[in-house]
Amino acid sequence: MRRVWVSLHRWLGLFMAGFLFVSGLTGAIIAWDHELDEWLNPELFHARASDQPTLTALELADRLEAADSRVRLSYLPLHLEPGHNLGVSVDPRVSPDGSLPELGFDQLALDPVTAKVVGSRQWGEFAFSRAALMPFLYKLHYTWHLPDAWGIELGILLLGIVAMIWVIDCFIALWISFPSRRAWRKSFAFRWRQGGHKRTFDLHRSGGVWIWTLLLLIAVTSVSMNLPFQVTRPLVSLFSPLTPSPFEQISPVTLEQSRDPLLSRAEAIAVAQGEAQRLGIQAPPGGIYHSAEFGLYGVGFFTPGADHGDGGLGNPWIILDARDGRVLSADIPGQGSAGDLFMQLQFPLHSGRILGLPGRILVSLLGLAVATLSVTGVLIWLRKRAGRVAVRQRAGKAQPVTHDEALMQ
């Protein structure tokens, strides 16, 4: 039976090796995506003028949309960071003739004093410029930049399936790492001095054993990040009720079919603030997004500098109907059913942000470890394969030459 599990681990590992190698390396990098992005692209982030802004973020957003009727903001930070441009996300706005303009960008950097556009880029585009690098790596991490087809996000689906296989293989790998009770200590040891294949083997087996819990954690959260509505939420709901998400209850439309919201951003923020006060949320409004496909506003509550949700379960968000301002849901970290809490944990655990800076360091190191396990697994297979080929070749040479073979020589 052990031989069956070893063989299954080998072939599952070979199938996953390339995916996990890339995801591990990119995960180690994008743990620092905001810092690296700002370092690589100071022109997008750092304000050129030294003048103090006199306009609010809402006023800057209004000026942008008034100056360019082709765009409609999809995300707006509400805090102006000193010395920084205002970075916003945009969707194309449907033209009067019903067509959707080709913008060539979905992120803009606005001068905080004049609202002038000082930089733009298309998030996640397949390009190798400095401006595109970090979004490119981020999207590569969970989609491999595979195109969508038949209404399916193929890259997200594929890597979600890989993650599910990874979860299963974690248990198989743990089982075969302890061949006997007497030799269990060997599964934790590293033969550093002996080098060569023994060191490679120990890096793969013992290294995997030492960080097994963390590997399983990353594998499970990977499934949750890529397949939340297809896999994770249905499974969790079998054990604990989940608060329905507006994104599950509303049928989305295309951008071409979408319309401008009837509720202004300022009105949406006012409604959300009232709900936040009722719920006891102390933080100020920190950001607002508009989902044109679902016709929703989302207002997040966080202090300046806390927009990435470092530490804990993240920031609270209140979701509104963009047409009439009805409050549809309030996602408050730490509140809800056991299932809700489980779902809230997924991104903070996967990104390490639940522990703040130490967690991000740990996730970055873990990404390098995943890449190392992938490489050592392939090296072990190649060595064993070469050994089997050599044995077959020696066995073939040892066989007596038949009459027909002699005629062919």
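What you see is a predicted model; the values in this text were computed from it and never measured.

Conventions used here
- Residues numbered from 1 in each chain as written.
- Predicted model: local features only at pLDDT ≥ 70, side-chain atom pairs only at ≥ 80, totals over all residues.
- Heavy atoms only, no water.
- Axes fitted to C-alpha atoms, helices over the stretch in contact; angles between N-to-C directions.
- Helix = DSSP H or I, 4+ residues; strand = E, 2+ residues; numbered from the N terminus.
- Parallel < 35°, antiparallel > 145°, perpendicular 65-115°, else oblique.
- Left-handed = near helix turned anticlockwise from the far one by under 90°.
- Contact = heavy atoms within 4.5 Å.
- Nonpolar A, V, L, I, M, F, W, Y, C, P; charged D, E, K, R; others polar.
- Phe/Tyr/Trp six-rings, centres within 6.5 Å; stacked < 30°, edge-to-face > 60°.
- Buried < 20%, exposed > 50% of the residue type's maximum accessible area, 1.4 Å probe, protein only.

Describing the packing of helix H8 (residues 212-226) against helix H12 (residues 338-351)
At step 1: Running from N to C, H8 and H12 point in directions that differ by 125°, and their axes come no closer than 9 Å. The angle between the axes of H8 and H12 places the two elements in the oblique class. H12 is crossed by H8, and the crossing has left-handed handedness. Contacts from Leu217, Ile218, Val220, Thr221, Ser222, Ser224 and Met225 of H8 reach H12 at Gln346, Phe347, Leu349 and His350.
At step 2: Residues belonging to the contact of H8 with H12 are distributed by class as follows: six nonpolar, five polar and no charged.

A closer look at the packing of aromatic side chains
At step 1: With the rule as written, the count across this model stands at 16 aromatic pairs.
At step 2: Here Phe19 and Trp144 contribute two aromatic rings whose centre-to-centre distance is 4.8 Å and whose plane-to-plane angle is 50°, an arrangement assigned as tilted. Placement of Phe19 in helix H1 (residues 2-30) and of Trp144 in the loop between helix H5 (130-143) and helix H6 (154-176) is noted, with a sequence separation of 125 residues between them.
At step 3: A centroid spacing of 5.3 Å and a plane angle of 90° characterise the contact between Phe126 and Phe136, whose relative ring orientation is edge-to-face.

Looking at the environment of Ile218
At step 1: Of note, Ile218 is situated in helix H8.
At step 2: Its relative accessible area of 11% is what places Ile218 among the buried residues.
At step 3: Residues Ile218 and Gly274, spaced 56 residues apart in sequence, show a C-alpha to C-alpha distance of 37 Å.
At step 4: Ignoring anything within four residues of it in the chain, the contact list for Ile218 reads Trp166, Leu349, His350 and Leu366.

Take it as geometry only, folks, not as evidence of what the structure does.
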